[in-house]
Amino acid sequence: MQLFDIIGPVMVGPSSSHTAGAVKIGYVAHKLLSEPLTEADIYLHGSFLATGKGHGTDKAIVAGLLGMQPDDIRIPDSLSIAEGLNIKINFAGITLKDANPNSVLLKLTGSSGRKLEIVGESLGGSIINIAAIDGLSANFSGDHPTLIVHNLDQPGHVAEVTSMLSHKSVNIASMQLYRENRGGNAVMILECDQEIPDKAIEWLKGLEGVEKVTYYSLV
């Protein structure tokens, strides 16, 4: 057992799951969007919906979307900060199938018109899981540099991505593959031990059959 397991994360309270975890979900989404946010539709599920108001879950998620970390003293003021930046924030309730009770669906729009849809789960102690991206299954924590590649389900794409990472001396910590159906839309999610160079990300975006590349950096 580590000290963190006893005293919990450094955070602006009151709850490690409903506040700190919610901030982290928003922060990971902020990094994945990778451009200024202009609009966010936030759909709260389960306990996030039932008790989130008292725990400041709404403010916590928005704080993360603005790039704040769980210990940022501005978290209680995040809604007014977003309003001052002319960011449109909409809240609603939702029932997500087979979802963790502490879950949220985020539908985000960036300054260039880029769209991003994420389902995030808060597992307790500020530990989170990103369970879906753009309608496809996912499973990553935001604790490692993470590459998400949406592609057509065709032979060779996995080899192209892994070969590129090997060439750049980037070690793969974990890799997950999902697809809607054979020959349809697919996604690969690779958590890495090192950051991936920007030029490598741009190279991936230009590959035939690759529809979207999203990168979560710890930098």
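This one's a predicted model, so the numbers in the text were calculated from it and none came from an experiment.

Scoring rules and cut-offs
Residues numbered from 1 in each chain as written. Predicted model: local features only at pLDDT ≥ 70, side-chain atom pairs only at ≥ 80, totals over all residues. Heavy atoms only, no water. Helix = DSSP H or I, 4+ residues; strand = E, 2+ residues; numbered from the N terminus. Buried < 20%, exposed > 50% of the residue type's maximum accessible area, 1.4 Å probe, protein only. Pairing = 2+ DSSP bridges. Axes fitted to C-alpha atoms, helices over the stretch in contact; angles between N-to-C directions. Contact = heavy atoms within 4.5 Å. Arc of directions from axis to C-beta. Parallel < 35°, antiparallel > 145°, perpendicular 65-115°, else oblique. Left-handed = near helix turned anticlockwise from the far one by under 90°. Nonpolar A, V, L, I, M, F, W, Y, C, P; charged D, E, K, R; others polar.

**Q** Which residues make up unusual backbone geometry, and what values go with them?
**A** For asparagine 86, which is not glycine, the phi torsion reads 60° and is therefore positive. With respect to the secondary-structure elements, asparagine 86 resides in the loop between helix 5 (78-84) and strand 2 (88-93).

**Q** Now, about the side chain of serine 103: what can you tell me, with residues and values included?
**A** Considering the arrangement of structural elements, one finds serine 103 in strand 3 (residues 102-110). The exposure class of serine 103 is buried, given its relative accessible area of 0%.

**Q** I'd love a proper account of the sheet that holds strand 8 (residues 172-179), names of residues and values included.
**A** Taken together, the four strands give an open sheet; going across it, the order is 8-9-7-10, and neighbouring strands pair in antiparallel fashion. Strand pairing shows two members of the sheet lacking a second neighbour, strand 8 and strand 10 (210-216), which therefore form its edges. Strand-to-strand twist of the sheet, defined as the mean angle between neighbouring strand axes without regard to direction, takes the value 10°. The pairing of strand 7 (residues 146-152) with strand 10 spans six bridges and is antiparallel. Paired with histidine 150 across the bridge in strand 10 is lysine 212. Packed onto the sheet, helix 6 (residues 157-167) meets strand 7, strand 8, strand 9 (185-192) and strand 10 and runs at close to 20° relative to strand 9. Sitting on the sheet, helix 7 (residues 198-205) touches strand 7 and strand 10, and the angle it makes with strand 10 is about 160°.

**Q** I'd like a description of helix 6, backed by residues and values.
**A** Within the sequence span of helix 6, burial applies to His157, Val161, Met164 and Leu165. Relative to the axis of helix 6, the buried residues are bounded by an arc of 100° and lie together on one face. Among the exposed residues of helix 6, those oriented more than 90 degrees off its buried face are Ser166 and His167. If you follow the buried residues of helix 6, they end up packed against strand 7, strand 8, strand 9, helix 7 and strand 10. Following helix 6 by one or two positions, serine 169 has its phi on the positive side, about 60°.

**Q** Could you give an account of the packing of helix 6 against helix 7, with specific residues and numbers?
**A** Across the interface, helix 6 lies against helix 7 with an axial gap of 11 Å and an inter-helix angle of 165°. It follows that helix 6 is roughly antiparallel to helix 7 by the angle criterion. Both helix 6 and helix 7 take part in a crossing whose hand is right-handed. Contacts from Glu160, Val161 and Met164 in helix 6 reach Ala200, Trp203 and Leu204 in helix 7. Here the residues of the contact of helix 6 with helix 7 are counted per class, giving five nonpolar, no polar and one charged.

**Q** With reference to specific residues and values, describe the pairing of strand 8.
**A** Bridge count for strand 8 against strand 9 is seven bridges, and the pairing is antiparallel. Each residue of the ladder has a partner; that of glutamine 176, found in strand 9, is isoleucine 189. Hairpin remark: strand 8 followed by strand 9, antiparallel, with five residues in the connecting loop; positive phi at glycine 183, about 80°.

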